[in-house]
Amino acid sequence: MNTTTHIPYSTLADIAEGRAAPDYPTALHLAACAVCAADLAWLARTIELMRTDAAELPPPHVTARAKRLLRQLARPAGQR
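1. A short note on helix 2 (residues 24–32)
(1) Moving on: The set of residues buried in helix 2 consists of Thr26, His29 and Leu30. Taken around the axis of helix 2, the buried residues stretch over an arc of 100°, which confines them to a single face. Exposed and oriented more than 90 degrees from the buried face of helix 2 are Tyr24, Ala31 and Ala32.
(2) Moving on: Check the buried side of helix 2 and you find it contacts helix 1 (9–16) and helix 3 (34–52).

2. Remarks on the pattern of salt bridges
(1) Moving on: This model, assessed by the stated rule, comprises three salt bridges.
(2) Moving on: Between Glu17 and Arg19 there is a salt bridge; the shortest N-O distance is 2.8 Å.
(3) Moving on: Classification of Glu17 as partly exposed rests on a relative accessible area of 32%.
(4) Moving on: Across the pair Arg51 and Glu17 runs a salt bridge whose closest N-O atoms are separated by 3.8 Å. On the criterion of sequence distance, the pair formed by Arg51 in helix 3 and Glu17 in the loop between helix 1 and helix 2 is long-range, its members being 34 residues apart.
(5) Moving on: When salt bridges that share partners are traced, they join Asp14, Glu17, Arg19 and Arg51 into one network.

About the criteria used
- Residues numbered from 1 in each chain as written.
- Predicted model: local features only at pLDDT ≥ 70, side-chain atom pairs only at ≥ 80, totals over all residues.
- Heavy atoms only, no water.
- Buried < 20%, exposed > 50% of the residue type's maximum accessible area, 1.4 Å probe, protein only.
- Helix = DSSP H or I, 4+ residues; strand = E, 2+ residues; numbered from the N terminus.
- Arc of directions from axis to C-beta.
- Contact = heavy atoms within 4.5 Å.
- Salt bridge = Lys/Arg side-chain N within 4 Å of Asp/Glu carboxyl O.

Structural data, given as structure tokens:
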């Protein structure tokens, strides 16, 4: 792997979630490629935020109404 071929996002996600350790070529690439290193850092921060999120889910009737409204907006004007 070189700096012109970026690490697949799925591999970065596996590394960020601790499901895989970077192999030697991947570790070298991460050390040399600012794009992949930034993507990995962003994924790690995002995953940590998701794990620590204590937000409550909205009531089912609120979710259903939001979905209905979005479906209406997605229809062409003549079909509303």
